[in-house]
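Each chain, letter by letter, is given below.
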Amino acid sequence: MIDLIDNIIMLVAISVFMYFITELTKIEGKEGFTFSIYPWVTTLPETITTLLLAVGGYYTAALYNSVFSAVFDLAVAVGLVAIVYGTVEFRLTDLAAIAAVSAIVFAVTDIDGVIDFNDGLMLYAFLAFTILYSVMRYGMFRKRPRAVEALRVVGGLIGLAILGFLYYMNVEVLVVAVGEKLGGIISALLTSIPDVIVALVYGLSESEAQAELLGAIAHDFIENVPTAAIAAGLFGGAVIDSKPMLTIALAAATAATIVFISSYKRVTRFEGFVLLVLFAICCYAALV
């Protein structure tokens, strides 16, 4: 029991370090950059963890690590910000639609309970479309990054990669101790701590912040899992989902919530509370 507590404390500490590194690597960019490019940085630890969990045969933990990261970002980050700051107004309806479709495309590939190499390539193809669209629609930078900023991003990526590997090692211990379902959910919550901290500290009033959150959600579906599927496919394997209907339901619920928010273009305090309750229900449904 004491070892498990120490393990969780270590995971929390690594997650906090991830937050500081992602803040150090941040470059001022337009919505196209924060939606499509910057999430490669913020979701790198999740990608590494998902990849290594899948390669290690912990498929349920790998899927939950990615899917619940998206659910957590949407329900908890947006919900808490709405409760703390009041009504959050959403303006990027097209990027919200892309994030919702990302969840649906992921769900379609998981219908048979197997996400293989070809599915991974298809998801990456959709990811390429999201990058192209968002950059052409909204642009990249407000001002051209200096060389020192580029070096800072490279250094941050190296740091996040190292932390991601350390994080995975602790997650593997956690999964063995508490099971794949709970271990995957806990891992997803902790890797999303930086997103929640940023949302609470800065709010979601700026369109760039909303684009970053939506981009992180999209990447959880069309970058993290397909990376693991492609890696497994190179060795003749695939990501196996033992309960695809549950995973599909979570992805569909995420897409429906995004559509609801973007349709009404706001989240009130009451709706933020509802999002938190729905997140708790999703966690319960996944565990029982």
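The present account deals with the structure reproduced in this document. (Residues numbered from 1 in each chain as written. Predicted model: local features only at pLDDT ≥ 70, side-chain atom pairs only at ≥ 80, totals over all residues. Heavy atoms only, no water.)

### A word on the overall build of the protein chain
As a reminder of what qualifies: In this description a helix means any DSSP run of H or I spanning at least four residues, a strand means any run of E spanning at least two, and both kinds are numbered starting from the N terminus. Here the radius of gyration uses the C-alpha set of atoms, whereas the globule reference equals 2.2 Å times the residue count to the power 0.38. With a 1.4 Å probe rolled over the protein chains alone, any residue whose accessible area is under 20% of its type maximum counts as buried; one over 50% counts as exposed, and the rest are partly exposed. The method behind every accessible area is Shrake-Rupley, applied with a 1.4 Å probe, and residues are considered shielded solely by the protein chains displayed.
Per the secondary structure count, the protein chain includes 13 helices and four strands. Its C-alpha atoms give the protein chain a radius of gyration of 18 Å, within 12% of the compact-globule value 19 Å for 288 residues. Each principal axis of the C-alpha atoms in the protein chain carries an extent, and together these give about 45 × 45 × 40 Å. Looking at the 288 residues of the protein chain, the share that counts as buried comes to 56%. Just so you have it, the protein chain exposes about 12200 Å², and 72% of that area is on carbon and sulfur atoms.

### Here we look at a nonpolar patch on the surface
Note the cut-off: The residues that make up patches have over 30% relative accessible area and no salt bridge, and they are joined within 9 Å when like-charged or within 5 Å when they are Val, Leu, Ile, Met, Phe, Trp or Tyr. For this analysis, a salt bridge means a side-chain nitrogen from Lys or Arg found within 4 Å of a carboxyl oxygen belonging to Asp or Glu.
Judged by side-chain polarity, I83, V84, Y85, F270, F273, V274, V277, L278 and I281 come together as a nonpolar surface patch covering roughly 820 Å² of accessible area. Within the residue set of the nonpolar patch, elements represented by two or more residues are α5 (59-85) and α13 (269-287). The element best represented in the nonpolar patch is α13, accounting for six residues. Tracing the backbone shows I281 in helix α13.

### As for empty space enclosed by the protein
Applicable threshold: The rule is simple: put a 1 Å grid over the protein atoms alone, call a set of points where a 1.4 Å probe fits but cannot get out a cavity, call an open set with protein on both sides within 12 Å along at least five of seven lines a pocket, and count a residue as lining if it has an atom within 4 Å of a point. Grid points are joined across faces, edges and corners, and a volume is the space filled by probe spheres set on the points. The classification used treats Ala, Val, Leu, Ile, Met, Phe, Trp, Tyr, Cys and Pro as nonpolar, Asp, Glu, Lys and Arg as charged, and all other residues, Gly among them, as polar.
For the structure shown, the criterion picks out two cavities of 30 Å³ or more. In terms of lining, the largest cavity is formed by L74, F90, A96, L214, I258 and I261. Split by residue class, the lining of the largest cavity holds six nonpolar, no polar and no charged. Of the pockets and cavities examined, the second largest cavity occupies roughly 30 Å³.

### Here we look at unusual backbone geometry
The phi torsion at K265 lies on the positive side, around 60 degrees, for a residue other than glycine. Turning to its location among the elements, K265 is positioned in the loop between α12 (244-264) and β4 (266-267). Look at K265 and you get partly exposed, because its relative accessible area is 45%.

### Section: the nonpolar core
Keep this limit in mind: For this analysis, a nonpolar core means a set of buried residues of the types Ala, Val, Leu, Ile, Met, Phe, Trp, Tyr and Cys, connected via side-chain atoms within 4.5 Å. Contacts were defined at the residue level, with two residues in contact if any of their heavy atoms lie within 4.5 Å.
Counting 87 residues, the largest nonpolar core has L53, F68, V78, L95, F106, F221 and F279 as the members making the most contacts within it. Broken down by element, the residue count for this core peaks at 16 residues, all from α5. In this view, L95 contacts F35, Y133, S134, Y138, A211 and L214; residues no more than four positions away in its chain are not counted.

### A few points about the side chain of T43
As a reminder, the rule being used: Polar contacts here mean pairs of N or O atoms no more than 3.5 Å apart (in protein, one a potential hydrogen donor and the other a potential acceptor; neighbouring residues in sequence count only if both atoms are side-chain atoms).
By the secondary structure assignment, T43 is in the loop between α3 (39-42) and α4 (44-55). With a relative accessible area of 1%, T43 lands in the buried category. For T43, the side chain forms a polar contact with the main-chain oxygen of P39, separated by 2.5 Å. With sequence-adjacent residues up to four places away left out, T43 is seen in contact with A216, H219, D220, E223 and N224.

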